[in-house]
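# Coordinate analysis (summary)
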Amino acid sequence: MAAAMPNPGPPDLAVEAGGSHLRLSGPWTLPRLDALLPRTAAARVAPGPVVVDAAALSALDTAGALLLLRTLRASGQPFEAHRIEGLREADAALLRLVATRLEPERPAREPHFAFREMLARIGGAVWRFIAQGREFLGFVGLTMATLAQVLVGRRRLRWTSTVFHMEQVGLDAVPIVALLTFLVGAVVAFVGATALRDFGAEVFTVELVSISFLREFGVLLTAILLAGRSGSAFTAQIGSMKSREELDAIQALGLDAIELLLIPRLIALLVMLPLLAFIAMLMGILGGGIVGVLALDITPGMFVSRLHEMTDISHFWVGMSKAPVFAFLIAAVGCLEGFKVEGSAESVGRHTTASVVQSIFLVIVFDAVFAMFFMELDI
Amino acid sequence: MSADREAVIEVEGLRNVFGRQVVHDGVDLRVFRGEVLGVIGGSGAGKSVMMRAILGLKRPDGGRIRMFGADTTHLEAEQRKPFERRFGLLFQDGALFSSLTVAENVKVPLNEYYDLPDDLQDELALLKIRLAGLPADAAHKYPSQLSGGMRKRAGLARALALDPEILFLDEPTSGLDPIGAAAFDDLIRTLTDALGLTVFLVTHDMDSLYNLCDRVAVLADGKVIVADTVDVVERHPHPWIRGCFQGPRGRGAALQQARTAPQPQGSH
């Protein structure tokens, strides 16, 4: 308690005796550090032991202690070699603690090799992609096997859970699927008619809407909507169960997570996606028809009879044949990503995003493959 | 003896209500400069709620809170800032920002309040990390790469970033193994002594009460029943306190304390 006099002035550092004597004054604290920094930067400390006079020091915190030790570093001596005078006992304890914990040298930052890191990242991404593909294939196999066992009756189908998911995935999605496909149908009709009008072929708008919706848009739009709506929900549900160790509990109780969680969701999607796709086709054609009636002078009777004569039923079956495949992809990706969640809530979010991106990607890729397949078959 | 000491936190008649459930009904508590105050109470007694009310994270439904002599009960976020830089806060699991390294986490408050040169900031962050008892190479790791105990220490490093006067710790030893918990108690003691900190410690850990706390406040029935040294508190007749201190865990901790008291605590 030598000199605890209050000093309201700015913190200061005076270098005397050619740099072997430092006189500290004022508060050496973090809020006042900006006033002190130019003083310590200008200080030239002589090599060898230094005498520090801290009698006029009014306050010291770890930032101030760090600055003092940095200044003393130029002397090339360890902290113990210096003599600190007039320091209050509390501040001395702080200074000693900081001195023992301070690294002698600032650790060098790891050097950056931008090009090499870029190559490593590309390689890593390719490797992850391959690993992900293999993982997905393995999971598809496991799902197929379990599904087969459920179908032949060697495992139980959880009816309650299946029906619950049917409601969530199917019934609850009807309004949004119907509205969106109706709007897209109207837009397709409108855009198509604008282009076809130049050739006097406005009436072909009917085929444009009906074929595109029966073959492609009905099922594709439904699948994309369900990937965003239900695939993400599957990942989030299973992921949060995983992060709360519920999946481990399921296993420890001798139950099978695939049978319990995946199969009901998969069956729900397998049943409901074709039904929703059917609604989507109807609504798309309805949207196109309404645009035709209101804007293109195609009467409802004309629309229906042309639909009947010119659009082959095979388009409908082509579209419908894709629905179960898309349903399988969405359910498998959504659940697999859920099972891959680790621990944290952040991981749940990351995998949910991945689930949506991957399932939409796969749905579109498979749609393209189907298109080529049916083209070769001339259907 | 406490009359002449400066109270840095004063809570008067604090009332907190959630729906129809009254958590606090007239809590009075004073925290004095330089002491380690342990707050205990059963689960749901409102320890964390009291801490959140003092910190301004929850607006109390009644009563007054004064920090450093100024009434902070109804301050807006902007007016609260000068107080916020005077206290540090350690959440239960560290609450580190997961997208930043430990060093970057420590630098967040430094950057927010002060404009320091980069190299000084780096070194200051590293110093806090070392003060919190972490090795220097932890500085460039992400929170997910650290164990639970290390995350708490990293959280402590961030809490210390601004050289706070008051340190709030929310169950710092929960989830740590007994050795890790004892080491953390030692660390808090060392830092408190050297840096002159005041510590507001919410805990369930009986060992921490005996080893670390200067005073213990017991929260039950919506009030602070007693706030005194642990020797006084453990003889209090309230049923919860009796159950707590006379129970197997309390007796074990007291016994442990009696056995190790003559010897110096293991430090590192």
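Attention in this report is confined to the structure presented alongside it. (Residues numbered from 1 in each chain as written. Chains lettered and ligands numbered in written order. Predicted model: local features only at pLDDT ≥ 70, side-chain atom pairs only at ≥ 80, totals over all residues. Heavy atoms only, no water.)

Now for helix H2 (residues 62-73) of chain A. All names here are of chain A. Given a rise of 1.5 Å per residue, 12 residues ought to cover 16 Å, and the 16 Å separating the end C-alpha atoms of H2 matches this to within 8%. Of all 12 residues that make up H2, 10 are buried, and the element is covered over most of its length. Those residues of H2 not exposed but buried are Thr62, Ala63, Gly64, Ala65, Leu66, Leu67, Leu68, Leu69, Thr71 and Leu72. The backbone nitrogen of Ala63 has a side-chain oxygen 3.1 Å away, supplied by the residue at the start of H2, namely Asp61. (Helix = DSSP H or I, 4+ residues; strand = E, 2+ residues; numbered from the N terminus. Expected span 1.5 Å × (residues − 1). Buried < 20%, exposed > 50% of the residue type's maximum accessible area, 1.4 Å probe, protein only. Polar contact = N/O pair within 3.5 Å; in protein donor to acceptor, adjacent residues only side chain to side chain.)

Moving on, we come to the pattern of salt bridges. By the definition in use, this model includes 34 salt bridges over all chains. Of the charged contacts in the structure, one is a salt bridge between Arg155(A) and Glu259(A), with a shortest N-O distance of 3.2 Å. Taken together, the positions of Arg155(A) in the loop between helix H4 (114-151) and helix H5 (159-169) and Glu259(A) in helix H9 (residues 257-295) put the pair 104 residues apart, joining distant regions of the chain. When its relative accessible area of 27% is taken as the criterion, Arg155(A) is described as partly exposed. Of the residues examined, Glu259(A) reaches a relative accessible area of 10% and is grouped as buried. When salt bridges that share partners are traced, they join Arg70(A), Arg73(A), Asp119(B) and Glu123(B) into one network. (Salt bridge = Lys/Arg side-chain N within 4 Å of Asp/Glu carboxyl O.)

In this section: the packing of aromatic side chains. Taken as a whole, this structure holds 10 aromatic pairs over all chains when the rule is applied. Aromatic pair Phe316(A) and Trp317(A): ring centres 4.9 Å apart, planes at 70 degrees, arrangement edge-to-face. Residue Phe316(A) is classed as buried on the basis of its relative accessible area of 14%. When the ring of Tyr210(B) is compared with that of Phe245(B), the centres are 6.3 Å apart and the planes differ by 75 degrees; the resulting orientation is edge-to-face. A residue pair is termed long-range when its members are at least 10 positions apart, and Tyr210(B) in helix H7 (residues 206-212) and Phe245(B) in helix H9 (residues 239-246) qualify at 35 residues. Comparing Tyr210(B) with Phe245(B) shows no difference in burial state: the two are buried. A connected cluster of aromatic rings, assembled from ring pairs, spans Phe326(A), Phe370(A), Phe373(A) and Phe374(A). Directly above the ring of Phe18(B) sits Lys58(B), whose terminal nitrogen or CZ lies 5.2 Å from the centroid. (Phe/Tyr/Trp six-rings, centres within 6.5 Å; stacked < 30°, edge-to-face > 60°. Lys NZ or Arg CZ within 6 Å of the ring centre and 35° of its normal.)

These figures come from the coordinates and say nothing about function on their own.
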